[in-house]
Amino acid sequence: MTIAGSDSGGGAGIQADLKTFQMLGVFGVSALTAVTAQNTLGVQGIYNLPPDFVRQQIDSIVTDIGVDAVKTGMLSQPEIIETVVMAVKHYRIEKLIVDPVMIAKGGARLLAPNAESALREQLLPIAYVVTPNIPEAEVLTGRRILSIEEMREAAKRICDLGAQRVVIKGGHMPGPESIDVIYDGIEFEELHSVRVETKNTHGTGCTFSSALTAWLARGQDFFAAVHSAKQFISAAIAGAIPLGEGHGPTNHWAYMEQKISDSATFFGHVRP
Ligand SMILES: Nc1ncnc2c1ncn2[C@@H]1O[C@H](COP(=O)(O)OP(=O)(O)OP(=O)(O)O)[C@@H](O)[C@H]1O
Ligand SMILES: Cc1ncc(CO)c(N)n1
């Protein structure tokens, strides 16, 4: 399940999450927190849903269909965070993947400033894993992050805030590689990928964390699931189709296309 906002542009939010789940063979369900009027140029409008109605959607899903993992994205308001926290505790959801969405690529706020403390103090302590980008990790820790060493320190601090595991995504740090720092409370790992020179990075964070959620729902262990998610997002960025005039979306089917062309046999055809 994804608990997040709708991106009318289809590249981020609920739409990115459900497309990613589908591509990874996971049945996606959703609870909407907000509806955005959004495209590749920016966010033109936000309509928040009432917290009670967010809870009603979660109740509808969990009491009938059930969930193997739950991901949160845009939560927008402190009351929505409190509602999600209560529901996660009530249903004893263990695999909670928190993508602490704060600001969209174009600069629009997707989390009210007065919701940051609720996120830090109430949601992080019940997270199985948190996946901040660098600016989000800076807000959560209150410190600048300018190096891999500082990413590691931030990961430790975020675990000290109560999260069990952390992936700090390195898309915002300049350099020839995009490096993510993974920490499970004991061990660190760095995941390197060649930085693709592209402006089509709308929704990279949502897509990465929903791929991680899908692999965790499928039962992969934490480090393996992060590696698989990185493969998914790397293919989605490299294979992005340019849409719109601004930051275009990633390509949610590129990973499967790559898998198909990598495989020796496909529909009975043996590749030379
Ligand atoms: N230009 C790029 N080339 C290769 N990998 C990238 C690039 N930009 C981001 N990534 C990777 O994509 C994933 C998402 O990271 P990023 O830091 O962009 O998330 P984000 O800022 O939360 O995204 P968004 O807010 O747009 O949803 C990470 O694994 C990161 O390393
Ligand atoms: C609805 C929504 N969620 C998350 C993001 C972050 O990419 C976005 N741009 N829009």
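Residues numbered from 1 in each chain as written. Chains lettered and ligands numbered in written order. Predicted model: local features only at pLDDT ≥ 70, side-chain atom pairs only at ≥ 80, totals over all residues. Heavy atoms only, no water.

- In the nomenclature of an unreviewed UniProt entry, the protein chain corresponds to Hydroxymethylpyrimidine/phosphomethylpyrimidine kinase from the organism Sulfoacidibacillus thermotolerans.

A closer look at the site of ligand 1
- Not every one of the 20 residues close to ligand 1 is listed here, only the nearest: Lys105, His172, Ser178, Asp180 and Lys230.
- In this structure, Lys105 approaches ligand 1 through a side-chain N or O atom, which is 2.4 Å from an oxygen atom.
- Between Val196 and ligand 1, the recorded distance is 2.9 Å, taken from a backbone N or O atom to a nitrogen atom.
- Starting from 630 Å² of accessible surface for ligand 1 in isolation, the protein chains cover 93%.
- Taking a 2 Å distance to the grid points as the criterion, the majority of the atoms of ligand 1 fall inside the largest pocket.
- Contributions of two or more residues to the shell around ligand 1 are made by β8 (177-183), β9 (188-194), α7 (204-217) and α8 (222-238).
- The biggest single contributor to the shell around ligand 1 is α7, with 4 residues.
- Class assignment of the residues belonging to the shell around ligand 1 gives a composition of 6 nonpolar, 9 polar and 5 charged. (Near = heavy atom within 4 Å. Polar contact = N/O pair within 3.5 Å; in protein donor to acceptor, adjacent residues only side chain to side chain. Areas by Shrake-Rupley, 256 points an atom, 1.4 Å probe, with all protein chains shown as cover. 1 Å grid on protein atoms, 1.4 Å probe; cavity = no way out; pocket = protein on both sides within 12 Å on 5 of 7 lines; lining within 4 Å. Sits in = over half its atoms within 2 Å of the grid points. Helix = DSSP H or I, 4+ residues; strand = E, 2+ residues; numbered from the N terminus. Nonpolar A, V, L, I, M, F, W, Y, C, P; charged D, E, K, R; others polar.)

Some points on helix α5 (residues 134-141)
- Counting buried positions over the 8 residues of α5 gives 6, a clear majority of the element.
- Among the residues of α5, those classed as buried are Ile134, Glu136, Ala137, Glu138, Leu140 and Thr141.
- Looking at the buried positions of α5, the neighbouring elements they touch are α4 (116-123), α6 (148-160) and β7 (166-168).
- Directly beyond the C-terminal end of α5, a positive phi value near 70° is found at Gly142. (Buried < 20%, exposed > 50% of the residue type's maximum accessible area, 1.4 Å probe, protein only. Contact = heavy atoms within 4.5 Å.)

So, the packing of helix α3 (residues 78-90) against α4
- Direction vectors running N to C along α3 and α4 enclose 15°, while the axes themselves pass 9 Å from each other. The orientation of α3 with respect to α4, classified from their angle, is roughly parallel. The two elements α3 and α4 meet at a crossing, and its hand is right-handed. Of α4, the residues touching α3 (which contributes Ile81, Glu82, Val84 and Val85) are Ala118, Leu119, Gln122 and Leu123.
- Residues belonging to the contact of α3 with α4 are distributed by class as follows: 6 nonpolar, 1 polar and 1 charged. (Axes fitted to C-alpha atoms, helices over the stretch in contact; angles between N-to-C directions. Parallel < 35°, antiparallel > 145°, perpendicular 65-115°, else oblique. Left-handed = near helix turned anticlockwise from the far one by under 90°.)

As for the pairing of strand β2 (residues 30-39)
- Here strand β1 (residues 2-7) pairs with β2 via 6 bridges, running parallel. The residue of β2 that forms the bridge with Ile3 is Ala31.
- Where β2 and strand β3 (residues 42-48) come together, 6 bridges link them in antiparallel fashion. Among the inter-strand pairings, Asn39 is bridged to a residue of β3, identified as Gly42.
- Adjacent in sequence and paired antiparallel, β2 and β3 are bridged by 2 residues. (Pairing = 2+ DSSP bridges.)

Topic: the site of ligand 2
- Gly5, Ser6, Ala12, Gly13, Gln38, Met74, Val101, Ala104, Leu110, His202 and Cys206 make up every residue found near ligand 2.
- Between ligand 2 and Gln38 there is a distance of 2.8 Å, counted from a nitrogen atom to a side-chain nitrogen or oxygen.
- Summarising the interface, the protein chains cover 92% of the accessible area of ligand 2, which totals 290 Å² for the free molecule.
- Counting atoms within 2 Å of the grid points, the majority share of ligand 2 lands in the largest pocket.

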